[in-house]
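# Survey of secondary and tertiary structure
Now for the letters of each chain:
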Amino acid sequence: MWLNFLLHTEREITTKTMTQFTDLVLTRLDATGVFTQQQLSIIKANVQALADSFDMKPKGNQVVPYDYLQPDGYKAYLVIKKTEGLSDKSLKAYKFAIDHFLLAVMKPLDKIVPTDIQLYLYKKQTADGNQVSSVNNIRRYLSSFFGWLYDGHWIEENPMKQVKAVKGLKKVYEPITAEQFELMMEKTESPRDRAVLAVLAGSGIRVGEACTMRLDQLDLQNRRFRVRGKGNKERICFLTPRAKCELQRYLN
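The text that follows walks through the structure, step by step, so that each part is easy to find. All figures in this text were calculated on a predicted structure; none of them were measured in a lab. (Residues numbered from 1 in each chain as written. Predicted model: local features only at pLDDT ≥ 70, side-chain atom pairs only at ≥ 80, totals over all residues. Heavy atoms only, no water.)

## Digging into the pairing of strand 2 (residues 224-228)
The following threshold applies: Each residue is assigned to one of three classes by its accessible area relative to the maximum for its type, calculated with a 1.4 Å probe on protein chains only: buried under 20%, partly exposed between the two thresholds, exposed over 50%. Under the scheme used here, helices are H or I runs from DSSP no shorter than 4 residues and strands are E runs no shorter than 2 residues, and both carry numbers assigned from the N terminus. Only strands joined by at least two bridges in the DSSP assignment are considered to pair.
Covered by surrounding structure in strand 2 are Phe-225 and Val-227 only, the residues Arg-224, Arg-226 and Arg-228 on the alternate face being uncovered. Inspection of the sheet shows strand 1 (residues 218-219) paired to strand 2 by two bridges, in the antiparallel sense. Following the sheet pairing, Leu-218 is matched in strand 2 by Phe-225. Hairpin connection from strand 1 to strand 2: four residues lie between these consecutive antiparallel strands, with Arg-223 at a positive phi of about 55°. In this sheet, strand 3 (residues 234-238) lies alongside strand 2 in antiparallel orientation, the contact comprising five bridges. Among the inter-strand pairings, Arg-228 is bridged to a residue of strand 3, identified as Glu-234.

Okay, here's the thing in structure tokens:
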């Protein structure tokens, strides 16, 4: 796409336009979620080196104006979410969803209407084959974004007010029985894995929270530990006698 653009563009304009073009290319590639940051850095260097040999001017509708994809409200929103304690993983999910939507609609934020969002969510569910839960997650990210823009007077109307959640079959997950848990423990030979299973089953913490636990968060004598969860919030959790024994055996 960008090679085509370079070869068919009038030879005019400034360094600012070249930088905006390079940033636009990187924004579009980053939104795909395919490339690592290292790969994006290499691509950026090569695009910039190639673009430096041209003087170019955006022509007609060949390129979406840069401000459509990286407006001030968008940047401010991501900064605020970070300062509110949103984890890097969650922030990446928000950014990914918003970037994809903005790339799809190609409109300024204040020109986006409910129909744009409804059609986008419909396409995500039908043409792209996303599950209802995934589509509603996208809706949740967009609702947070546009709600924040409206409250901060970045836009005059909140288009998400008329966008309802997608309805679908809600699954009820049955917990495993005590017998099933004992069978799992019997089949698990590694002391580490037995400790992990016992802690998860006895405390109810998330798998991701268990993965980030450190020894200095553990008070084995009093059968409790600190865990950092969503929103970077810390809380106290407790161990069952079984979990304490399995954990002690692993640590020994």
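The discussion continues.
## What to know about the side chain of Lys-81
Selection rule: Residue contacts are defined here by distance: any two heavy atoms, one from each residue, within 4.5 Å place the two residues in contact.
Its location among the elements puts Lys-81 in helix 5 (residues 72-83). Setting aside its immediate chain neighbours within four residues, Lys-81 contacts Leu-86, Leu-91, Tyr-94 and Ser-144.

## What to know about helix 6 (residues 88-105)
Quick note on the threshold: In a helix, the anticipated span is given by 1.5 Å times the number of residues less one.
Counted at 1.5 Å a residue, the expected span for helix 6 with its 18 residues is 26 Å, and the 26 Å between its end C-alpha atoms agrees. In the stretch just after helix 6, Met-106 is the one whose phi turns positive, near 55°.

## Structural notes on the layout of surface pockets
If a probe the size of a water molecule is rolled over the atoms, the empty space left behind becomes visible. The criterion, for reference: Of the two site types, the cavity is a set of points on a 1 Å grid over the protein atoms alone where a 1.4 Å probe fits but cannot get out, and the pocket is an open set with protein on both sides within 12 Å along at least five of seven lines, each lined by residues with an atom within 4 Å of a point. Grid points are joined across faces, edges and corners, and a volume is the space filled by probe spheres set on the points. Three classes are used: nonpolar for Ala, Val, Leu, Ile, Met, Phe, Trp, Tyr, Cys and Pro, charged for Asp, Glu, Lys and Arg, and polar for all others, with Gly counted as polar.
Within this model, the largest pocket holds a volume of roughly 700 Å³. Of all the elements in the fold, those that place two or more residues in the lining of the largest pocket are helix 6, helix 8 (132-151) and helix 11 (207-211). In terms of residues, the lining of the largest pocket owes the most to one element, helix 6, which gives five residues. When the residues that make up the lining of the largest pocket are grouped by side-chain class, the tally is four nonpolar, nine polar and nine charged.

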